[in-house]
Amino acid sequence: MFIVVAVDQNWAIGYENKLLASVPEDMKNFRRITTGKTVILGRKTLETFPGGKPLPKRRNIILSTNTSYEVEGAEVAHSIEEMWELLNGTSTEDLCVIGGASIYKLLLPYCNQAVITKFDRAFTADTYFPNLDADSSWEVVEESEVKEHEGLEFKFVEYRRKE
């Protein structure tokens, strides 16, 4: 199971239920990594998508404690146990956690890889991801060259959990 997330210099991921930045190359990379996979996300994250609709060409698993919550085109799990039941038989290599903060926190212990877009800027933010650079159980295994979009520098960094 792996995580895909974009963070700023302070490991912030959002502000007022919105992404910190919209960078076309980051979105393209996200689509490349997640297409054909099972994405696991929370209800609030789903609601930020265009039309509040599940992502196409992916199996969408929505985690929500609201037992009456349903969404067309996705499966809803109301607990981590229900999520595992839905995922029974799915290769863990095809499981991609895409947010938000509470879902990342809940599922990070089960992940062995994180694909992180790191923005070289500190944004105004109210939501954060754990700092993997400060966690000795994670290591950087690959890093792209620095890229730029409208003055915002960023890079793609892959982390792996140490054995």
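Because the structure is predicted, anything quoted here is derived from the model rather than measured.

K.L.:
Describe the overall build of the chain, naming the residues involved and giving the relevant values.
P.N.:
Along the chain, the regular secondary structure elements total four helices and 12 strands. Projected onto its principal axes, the C-alpha positions of the chain cover 45 × 40 × 25 Å. Every one of the 163 residues in the chain was classed for burial, and the buried ones make up 45%. Counting only contacts in the chain whose residues sit at least 6 apart along the sequence, the fraction spanning at least 24 positions is 62%. Here the chain has roughly 9,100 Å² of accessible surface; of this, 47% comes from carbon and sulfur atoms. Considering the chain, the positive charge centre built from 19 side chains and the negative charge centre built from 26 side chains are found 3 Å apart.

K.L.:
Explain the nonpolar core to me, and be specific about the residues and the numbers.
P.N.:
By size, the foremost hydrophobic cluster in this structure holds 27 residues, and its most contacted members are Ile 3, Ile 40, Met 83, Leu 107, Ile 116, Phe 129 and Leu 132. The set of elements that each furnish at least two residues to this core consists of β1 (2-7), β5 (59-63), α3 (80-87), β7 (95-99), α4 (101-107), β8 (113-119) and β12 (152-161). Every residue in contact with Ile 40, bar those within four places of it in the chain, is listed here: Met 1, Ile 61, Leu 63, Met 83, Leu 87, Leu 95, Cys 96, Val 97, Ile 98, Gly 99, Ile 103 and Leu 107. Core analysis: the second largest hydrophobic core is formed by 17 residues, Val 39, Leu 41, Val 71 and Cys 96 among them.

K.L.:
Account for the sheet that holds strand β9 (residues 127-128), with residues named and values stated.
P.N.:
The pairing of strands in a sheet comes from backbone hydrogen bonds and takes either a parallel or an antiparallel form. Taken in spatial order, the three strands line up as β3-β2-β9 in an open sheet, and their pairing is antiparallel. For this open sheet the edge positions go to β3 (18-19) and β9, each flanked by a neighbour on one side alone. Direction of pairing for strand β2 (residues 12-15) relative to β9: antiparallel, over a ladder of two bridges. Across the sheet, residue Ala 12 finds its bridge partner in β9, namely Tyr 128.

K.L.:
Give a description of a negative patch on the surface that names residues and reports values.
P.N.:
On the surface, Asp 120, Glu 148, Glu 150 and Glu 153 cluster together into a negatively charged patch. With respect to the helices, strands and loops of the structure, Glu 150 is situated in the loop between β11 (147-149) and β12.

K.L.:
Summarise α3; cite the residues concerned and give the values.
P.N.:
Buried within α3 we find Ile 80, Met 83 and Leu 87. Along the long axis of α3, the arc covered by the buried residues comes to 55°, so they all point the same way. Of the exposed residues in α3, the ones pointing more than 90 degrees away from its buried face are Glu 81 and Glu 85. Looking at the buried positions of α3, the neighbouring elements they touch are β4 (38-42), β5, β6 (75-77), β7 and α4. Looking one or two places after α3, you find Gly 89, whose phi comes out positive at around 90°.

K.L.:
I'd like to hear about the packing of aromatic side chains, residue by residue, with values.
P.N.:
The way to describe two aromatic rings as a pair is by their centre distance and the angle between their planes. Under the definition given, this model contains seven aromatic pairs. An angle of 70° between the planes, with centres 5.7 Å apart, marks the rings of Phe 154 and Phe 156 as edge-to-face. An aromatic cluster is defined as three or more aromatic residues linked by ring pairs; in this entry it consists of Trp 11, Tyr 104, Phe 129 and Tyr 159.

K.L.:
Could you give me a rundown of the pairing of β2, with the residues and numbers involved?
P.N.:
For β2 and β3, the ladder comprises two bridges, and the chain directions are antiparallel. Bridged to Gly 14 within β3 is Leu 19. Here β2 folds back onto β3 in antiparallel fashion, the turn holding two residues, of which Glu 16 has a positive phi close to 50°.

K.L.:
Outline the pattern of salt bridges, listing residues and values.
P.N.:
Throughout the structure, instances matching the rule amount to eight salt bridges. For Lys 155, the salt bridge is made with Glu 143, and the minimal N-O distance between the two is 2.6 Å. Here the residue Lys 155 occupies a position in strand β12, and Glu 143 occupies one in strand β10 (residues 138-143), the gap between them amounting to 12 residues. By relative accessible area, Glu 143 is classed as partly exposed at 44%.

Calculation criteria
- Residues numbered from 1 in each chain as written.
- Predicted model: local features only at pLDDT ≥ 70, side-chain atom pairs only at ≥ 80, totals over all residues.
- Heavy atoms only, no water.
- Helix = DSSP H or I, 4+ residues; strand = E, 2+ residues; numbered from the N terminus.
- Buried < 20%, exposed > 50% of the residue type's maximum accessible area, 1.4 Å probe, protein only.
- Contact = heavy atoms within 4.5 Å.
- Areas by Shrake-Rupley, 256 points an atom, 1.4 Å probe, with all protein chains shown as cover.
- Lys, Arg positive; Asp, Glu negative; His and termini not counted.
- Charge placed at Lys NZ, Arg CZ, Asp CG, Glu CD.
- Core = buried A, V, L, I, M, F, W, Y, C linked by side-chain atoms within 4.5 Å.
- Pairing = 2+ DSSP bridges.
- Patch = residues over 30% accessible without salt bridge, like charges linked within 9 Å, V, L, I, M, F, W, Y side chains within 5 Å.
- Salt bridge = Lys/Arg side-chain N within 4 Å of Asp/Glu carboxyl O.
- Arc of directions from axis to C-beta.
- Phe/Tyr/Trp six-rings, centres within 6.5 Å; stacked < 30°, edge-to-face > 60°.

Shape descriptors only; they carry no functional weight alone.
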